[in-house]
Amino acid sequence: IYGDARECGAALVKLLSERGLTARWVGEELQPPDGSANIAFLAGSGPDHPATAATDQTIAVIELLQRMGSEQRLFVASRGAQVVENGETPRPAGATLWGLARTIAEEHQESWGGIVDLSPELSPGETGEALYQAWVAAPAGEDMIAVRADGRSAPRLTRTDFPARSESPVLSEAGVYLITGGLGDLGLELAGHLAQRGARRLALMGRSNPDEARRLR
């Protein structure tokens, strides 16, 4: 178990050991993980957590992923990263980890275990119990969940009805419109849509160079 949430990590190790499982708290030092052990990263949080935590935690998770063996699974825990109940405010460090988690889940499915977002109000003992239930005792069949006092939540796409616009947005010929992911099929379709409605300067960004067919569109 890695991370910068020391008290929660110690509580989780104690709980797992008491229930007959082998666990070891490593902390923030990224030692080479045991070749057969699953890996958990517990991200610290709170008002006094440094502003650089988002970057530091993201780099740590990426380095762990690079060192893992083919039989290992990576689990991540954040605090207050998701808005589940009214009045909650997402914490940037955890939200960054969730963005990374979605990428790992898509591009490294063989190594992905899951991510759990915990309420910042949980004590270290309650945190250990919540993670034990989510990852060991009663996994919900979901790889991304949030745990709050009233239970677990998982992300879902739902249909939302937006009010009809009476007129199309006005695009400026002098403006520059940036489209991220603009070199894929959907981005090129959007670029054509904007050009038809008056946009004259478009900046398209993508992760790879477009092929000849896309260049000619």
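Residues numbered from 1 in each chain as written. Predicted model: local features only at pLDDT ≥ 70, side-chain atom pairs only at ≥ 80, totals over all residues. Heavy atoms only, no water.

Focus on the pairing of strand S5 (residues 144-148)
Burial within S5 is extensive, with 5 of its 5 residues counted as buried. By the alternation rule, side chains of S5 split into Met144, Ala146 and Arg148 and Ile145 and Val147, which are all buried. Pairing of strand S4 (residues 112-118) with S5 involves 4 bridges; the strand directions are parallel. Across the sheet, residue Asp117 finds its bridge partner in S5, namely Ala146. (Buried < 20%, exposed > 50% of the residue type's maximum accessible area, 1.4 Å probe, protein only. Helix = DSSP H or I, 4+ residues; strand = E, 2+ residues; numbered from the N terminus. Pairing = 2+ DSSP bridges.)

Some points on the packing of helix H1 (residues 6-18) against helix H4 (residues 124-137)
Running from amino to carboxyl end, H1 crosses H4 at an angle of 55°, the nearest separation of the two axes being 8 Å. Put simply, H1 runs oblique to H4. H4 is crossed by H1, and the crossing has right-handed handedness. In this structure, H1 uses Glu7, Cys8, Ala11, Leu12, Leu15 and Leu16 to contact H4, whose residues at the interface are Pro124, Gly125, Thr127, Gly128, Glu129, Leu131, Tyr132 and Val136. (Axes fitted to C-alpha atoms, helices over the stretch in contact; angles between N-to-C directions. Parallel < 35°, antiparallel > 145°, perpendicular 65-115°, else oblique. Left-handed = near helix turned anticlockwise from the far one by under 90°. Contact = heavy atoms within 4.5 Å.)

Remarks on the sheet that holds strand S2 (residues 39-42)
Reading across the sheet, the 6 strands line up as S1-S2-S3-S4-S5-S6 and stay open at both edges, with mixed pairing between neighbours. Pairing within the sheet leaves two strands with one partner each, and these edge strands are strand S1 (2-3) and strand S6 (151-153). The strands that helix H3 (residues 92-107) touches are S2, strand S3 (74-79), S4 and S5; relative to S4, the one it contacts most, it runs at about 160°.

With respect to the pattern of salt bridges
Under the defined criterion, the tally for this structure stands at 6 salt bridges. Among the salt bridges present, the one from Glu18 reaches Lys14, with a minimum N-O distance of 2.5 Å. Pair noted here: Glu18 and Lys14 are both in helix H1, with a separation of 4 residues, about one helical turn. The residues Glu18 and Lys14 share a single accessibility class, namely exposed. Between Arg156 and Glu142 there is a salt bridge, with the nearest N and O atoms lying 2.5 Å from each other. On the criterion of sequence distance, the pair formed by Arg156 in the loop between S6 and strand S7 (176-180) and Glu142 in the loop between H4 and S5 is long-range, its members being 14 residues apart. The exposure class of Arg156 is exposed, given its relative accessible area of 57%. Overlapping salt bridges, with partners in common, bring together Glu88, Asp117 and Arg148 in one network. (Salt bridge = Lys/Arg side-chain N within 4 Å of Asp/Glu carboxyl O.)

Any functional reading would require information that these geometric values do not contain.
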